[in-house]
Amino acid sequence: MAIIAPSLLAADFLRLEEICKMLNESEADWFHLDVMDGRFVPNISYGIPVIEHIRKATKKTCDVHLMIEEPGSLVEAFKKAGADIISVHIEACPNLHRNIQQIKALGCKAGVAVNPHTPISMLDDILADVDVVNLMSVNPGFGGQTFIAHTLEKIRILRKKIDALKLPVLIEIDGGVTLENAKSIVEAGAHVLVAGNTVFKSKDPKKTIAQLKKLK
Ligand code: DX5
Ligand code: ZN
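Here's what I pulled together on the structure shown here. Keep in mind the model is a prediction, meaning the values are calculated, not measured.

**As for the coordination of the zinc ion (ligand 2)**
Four donors placed tetrahedrally around a metal ideally meet at 109.5 degrees, and six donors placed octahedrally ideally meet at 90 or 180 degrees. Here the zinc ion (ligand 2) is held by His32 (NE2), Asp34 (OD), His65 (ND1) and Asp174 (OD), and the distances to it run 2.0 to 2.3 Å. Given six donor atoms and angles of 70 to 174° at the metal, the environment of the zinc ion (ligand 2) is assigned as octahedral. Each donor residue of the zinc ion (ligand 2) belongs to the same chain, and together they define the spacing H-x1-D-x30-H-x108-D.

**Comments concerning helix H8 (residues 205–213)**
Every buried residue of H8 is accounted for by Pro205, Thr208, Ile209, Ala210, Leu212 and Lys213. Contacts made by the buried residues of H8 are with strand E1 (3–6), helix H1 (16–25), helix H6 (182–188), strand E8 (192–195) and helix H7 (197–200).

**What to know about the nonpolar core**
Formed by 64 residues in total, the largest nonpolar core has its most connected members in Leu8 and Leu123. For this core, the element with the most residues is H1, which contributes five residues. If we ignore the near neighbours within four places in the chain, the residues touching leucine 123 are Ile90, Val112, Val114, Val133 and Leu158. Residues Ala5, Ile85, Val132 and Val194 belong to the second largest nonpolar core, which totals seven residues.

**Structural notes on unusual backbone geometry**
Look at glutamate 70: it is not a glycine, yet its phi comes out positive at around 45°. Here glutamate 70 is to be found in the loop between strand E3 (61–67) and helix H3 (75–81). The exposure class assigned to glutamate 70 is exposed, which follows from its relative accessible area of 57%. Backbone geometry at lysine 166 places phi at a positive 55°, although glycine is not the residue there. You can see lysine 166 is positioned in the loop between helix H5 (151–164) and strand E7 (170–174).

**A closer look at the site of ligand 1**
What surrounds ligand 1 is a group of 20 residues, the closest being Asp34, Gly141, Asp174, Gly196 and Asn197. Coverage of ligand 1 by the protein amounts to 99% of the 380 Å² it exposes when considered alone. Elements with a contribution of two residues or more to the shell around ligand 1: strand E2 (30–36), E3 and E8. The element that contributes the greatest number of residues to the shell around ligand 1 is E2, accounting for three residues.

**Thoughts on the side chain of threonine 118**
Positionally, threonine 118 belongs in the loop between strand E5 (109–114) and strand E6 (132–136). Look past the residues within four positions of threonine 118 in its chain and what remains in contact with it is Ile90, Glu91 and Lys154.

**Section: the packing of H1 against H8**
Close contact between H1 and H8 brings their axes to 10 Å; oriented N to C, the two are set at 35°. Pair H1 / H8 crosses with right-handed handedness. Residue-level contacts link Met22, Leu23 and Glu25 of H1 to Pro205, Lys206 and Ile209 of H8. A per-class count over the contact of H1 with H8 returns four nonpolar, no polar and two charged.

**Thoughts on the packing of H1 against helix H2 (residues 48–57)**
Pairs of packed helices are described in terms of their axes, by the angle between the two and the distance that separates them. Relative orientation of the contacting elements H1 and H2 amounts to 45°, with a least axis distance of 10 Å. One finds that H1 runs oblique with respect to H2. The way H1 lies across H2 gives a crossing that is right-handed. Facing H1, whose interface residues are Leu16, Cys20 and Asn24, H2 presents Val50, Ile54 and Ala57. Looking at the contact of H1 with H2, its residues break down into five nonpolar, one polar and no charged.

**Some thoughts on the side chain of threonine 208**
Mapped onto the fold, threonine 208 is located in helix H8. Exposure remark for threonine 208: the relative accessible area of 5% places this residue in the buried category.

**Some remarks on helix H4 (residues 96–105)**
Within the span of H4, buried status applies to Leu96, Asn99, Ile100 and Ile103. Around the axis of H4, the buried residues are gathered within 100° of arc, so they sit on the same side. In this structure, H4 carries Arg98 and Ala105 as exposed residues pointing more than 90 degrees from its buried face. Directly after H4, the chain includes glycine 107, whose backbone phi takes a positive value near 95°.

Here is what the cut-offs are and how they apply
Residues numbered from 1 in each chain as written. Chains lettered and ligands numbered in written order. Predicted model: local features only at pLDDT ≥ 70, side-chain atom pairs only at ≥ 80, totals over all residues. Heavy atoms only, no water. Donors = N, O, S within 2.8 Å, 3.2 Å for Na, K, Ca; no water. Tetrahedral: all angles 85-135°; square planar, octahedral: opposite > 155°, others 65-115°. Buried < 20%, exposed > 50% of the residue type's maximum accessible area, 1.4 Å probe, protein only. Helix = DSSP H or I, 4+ residues; strand = E, 2+ residues; numbered from the N terminus. Contact = heavy atoms within 4.5 Å. Core = buried A, V, L, I, M, F, W, Y, C linked by side-chain atoms within 4.5 Å. Near = heavy atom within 4 Å. Areas by Shrake-Rupley, 256 points an atom, 1.4 Å probe, with all protein chains shown as cover. Axes fitted to C-alpha atoms, helices over the stretch in contact; angles between N-to-C directions. Left-handed = near helix turned anticlockwise from the far one by under 90°. Nonpolar A, V, L, I, M, F, W, Y, C, P; charged D, E, K, R; others polar. Parallel < 35°, antiparallel > 145°, perpendicular 65-115°, else oblique. Arc of directions from axis to C-beta.

Here's what the structure looks like:
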């Protein structure tokens, strides 16, 4: 069964407390929290104060996806705000190994996120150091985009590598996950499904989460 991580980017921010309650009661495993700086990606979302409030409203894993430049200077603040997992982008980190060690030293699980154009082979020398690989299946910056089909091949290759090396690394798929494609994504080897619009724009988000959970 996949780990389900609803992305709050697609939620109604005026009703965050109610939404956290709904997610707490649902079969969602993680809260996926997207942070954007308007530089690494062409959009700005929310940041530390919002995550602090969400932290107070849930005991579930807070999975913070940093789509920001120079994340090293802010990871401690995100840990203090309540992050359990912090992912940084390989494309934003010339000293990725240092950033990963920094996140782990704070007591968080460390993730590396990769854009659709970034080859999986770029992860070869960092795979053993990370807990999560966030394979972006859309270009980061916006919710509600269409899943890039080529991601399925990347998932298969990455899963083979992880299994061959017997690494406890989770593959997280982020962007364009729907009730229609989720099964093929899990079958390709993904462990974690992020879903924003599919969950929050549905009539019954709790039911949609349960449907995503039941796929396998
Ligand atoms: C995109 C974000 C995603 C996004 C997913 O930059 O990283 O987490 O919220 O949204 P959907 O599921 O709507 O594509
Ligand atoms: Zn994300």
